[in-house]
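So the chains spell out like this:
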Amino acid sequence: VAHFQASVERHDGSSGDLACVVSLQDGSYLAEFLLEKGYEVHGIVRRSSSFNTGRIEHLYKNPQTHTEGNMKLHYGDLTDSTCLVKIINEIKPTEIYNLGAQSHVKISFDLAEYTADVDGLGTLRLLDAIKTCGLIGSVRFYQASTSELYGKVQEIPQRETTPFYPRSPYGAAKLYAYWIVINFREAYNLFAVNGILFNHESPRRGANFVTRKISRSVAKIHLGQLDCFSLGNLDSKRDWGHAKDYVEAMWLMLQQDEPEDFVIATGEVHSVREFVEKAFKHVGKTIVWEGKDEKEVGRCQETGKIHVRVDQKYYRPTEVDYLQGDSSKALKKLGWKPRVAFEELVKEMVDADIQLMKTNPNA
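Conventions adopted
- Residues numbered from 1 in each chain as written.
- Predicted model: local features only at pLDDT ≥ 70, side-chain atom pairs only at ≥ 80, totals over all residues.
- Heavy atoms only, no water.
- UniProt positions renumbered as here; feature names shortened; annotations may be inferred.
- Core = buried A, V, L, I, M, F, W, Y, C linked by side-chain atoms within 4.5 Å.
- Buried < 20%, exposed > 50% of the residue type's maximum accessible area, 1.4 Å probe, protein only.
- Helix = DSSP H or I, 4+ residues; strand = E, 2+ residues; numbered from the N terminus.
- Contact = heavy atoms within 4.5 Å.
- Phe/Tyr/Trp six-rings, centres within 6.5 Å; stacked < 30°, edge-to-face > 60°.
- Lys NZ or Arg CZ within 6 Å of the ring centre and 35° of its normal.
- pLDDT = per-residue confidence, 0-100.
- Expected span 1.5 Å × (residues − 1).
- Arc of directions from axis to C-beta.

An unreviewed UniProt entry lists the protein under the name GDP-mannose 4,6 dehydratase, with Scleropages formosus given as the organism. The heading Function (unreviewed entry) in the UniProt record of the protein holds the text "Catalyzes the conversion of GDP-D-mannose to GDP-4-dehydro-6-deoxy-D-mannose."

Draft legend 1. Examining the nonpolar core more closely. Leu34, Tyr97, Tyr142, Met250, Met253, Ile264 and Trp336 are the most contacted members of the largest nonpolar core, which totals 28 residues. Contributing elements (two or more residues each) for this core: α1 (25-36), β7 (140-146), β8 (191-197), α7 (243-253), β13 (262-264) and α9 (328-334). Counting residues per element, this core draws most heavily on α7, at eight residues. Sequence-distant contacts of Ile264, that is, excluding residues within four places in its chain, are made with Ile196, Leu197, Phe198, Tyr246, Ala249, Met253, Ser327, Ala330 and Trp336. In terms of nonpolar packing, the next biggest core, distinct from the first, is built from 26 residues, Val218, Trp240, Ile287 and Val308 among them.

Draft legend 2. Focus on the packing of aromatic side chains. Enumeration according to the criterion identifies 12 aromatic pairs in this entry. Ring-pair connections join several aromatic residues into one group, and the members of that group are Tyr150, Phe164, Tyr178, Trp179 and Phe198. In this structure, Arg140 packs its charged tip against the face of Phe191, placed 3.9 Å from the ring centre. The side chain of Arg205 reaches across the aromatic face of Phe209, ending 3.9 Å from its centre.

Draft legend 3. How the structure looks around the confidence of the model for the protein. With 87% of its residues at a pLDDT of at least 70, the protein reaches an overall mean of 89. This model gives residues 1-22 a pLDDT under 50, and the stretch forms 123 contacts once residues within four places in sequence are excluded.

Draft legend 4. Representation of helix α10 (residues 342-359) within the structure. Its 18 residues give α10 an end-to-end C-alpha distance of 26 Å, which sits within 8% of 26 Å, the value for a rise of 1.5 Å per residue. Taken together, the buried positions of α10 are occupied by Phe342, Leu345, Val346, Met349, Val350, Asp353, Ile354 and Met357. Seen along its axis, α10 keeps its buried residues to an arc of 165 degrees; they face one direction. Of the residues in α10, the exposed ones pointing more than 90 degrees away from the buried face are Lys358 and Thr359. Those residues of α10 that are buried lie in contact with β9 (200-201), α6 (210-222), β12 (241-242), β14 (270-271) and α8 (272-282).

Draft legend 5. Fine view of the side chain of Ser215. Checked against the element boundaries, Ser215 lands in helix α6. Overall, the relative accessible area of 0% leaves Ser215 in the buried class. The residues contacting Ser215, other than those within four sequence positions of it, are Met349, Val350 and Asp353.

Given below as C-alpha cells:
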C-alpha cells in the first residue's frame, strides 16, 4: 500500500499539491510521469523493517542519501483513517491517485479480510478524509479499479457498461471501492473517477505475479541458474499492456471537464501459455507442450529439457478465464491508446531480468 501527491497548477489556476502512489509498479511510473510535468509528488508508504522504495530510489534528489526533492514520502496506511486525514490536511492536494491495494488475486483468497479492509474500506477512508478536510470542491480523485471486476465475463469484449461478476475477494473488494467512488461523486459532487485498467505489466512488476515470474524464470534458465519452474492455469487469457502507457491514462482522466469512468486496455488477448512461449523464444528456445492438465509440461525443443510444469497450488478456487477490454471510449474522449505491443513488452521484461540476474542471481 503506497500513495502520492504533487505540486502543479490547481484547476482554478492557483498553485497546489497532488496525491498518488509511489513505491509499487504503477506508482513509480506515475511518479516519474508527474515529476516530468513539474509536479511535487507526495507519497504514502507503509512502515517496513526493510526498505520498500527500490522502484523509486532514482527519483530522489540524491539517491545515495535518499534526499528528498520534488518527491516527498510520508509514513501511513490505508487501514489508518487518522493518518490519512493528517497527511491530506497537511498537504492539501489537488489530485489524489489511490493505487494502494493488496493486489494479488490468488493471495486475496488467503487474506480475504485484509484485502477487503485495504482495497474496499481503504478507499472509503481516503474519500472520507477528503470530505473531513473540506477538500471536496478542490480535489480530483482517481481510483485504481480493475478488470477483475468482470470476473466471469458477461460480455466480450468488456466495456464500461458490461455487468460485473467478480470471482475473488480482491475483485469483490474492488467492486465496493468502485461503487463508493461513484457514490461520493453523486452525493457530494466530488470529481472522482474509476480507471478500470486491464492487466498491465513491466520490469517493475512484483515477483509473484505470473508475467514477472515467467520473465524472471526464463532469465534464470537462460543464464544457467535454474532448470524448471511451475505455473498454474496455462490457458488463462488476459489483455496485457505496459504500465508506463497506463499511468498516462490515469492522469488524463483527471484533466477532463467532467468526471467519468474509463476502461483502459489494449483490446488484444494472449494466454499465459503464449507469454511463456514468447519469453523463451526471445532467448532462443522453442517450447513444445506435452501431456495434459496437471501432467502437462513445457519441453525445450532444442535441448529436450523440461523447463515448465503445472502445479495445482497456483490455481485459484474460482478462475477468471478470459479478459478483453474495449477502450474505445478512452480513445474517443481522452485521445489515449496503448503504445507498447505485447511482444515488445515480453522482450523488455525478459531483457531486464537477464540484466538483473547477472548482477544479483538471488533477486
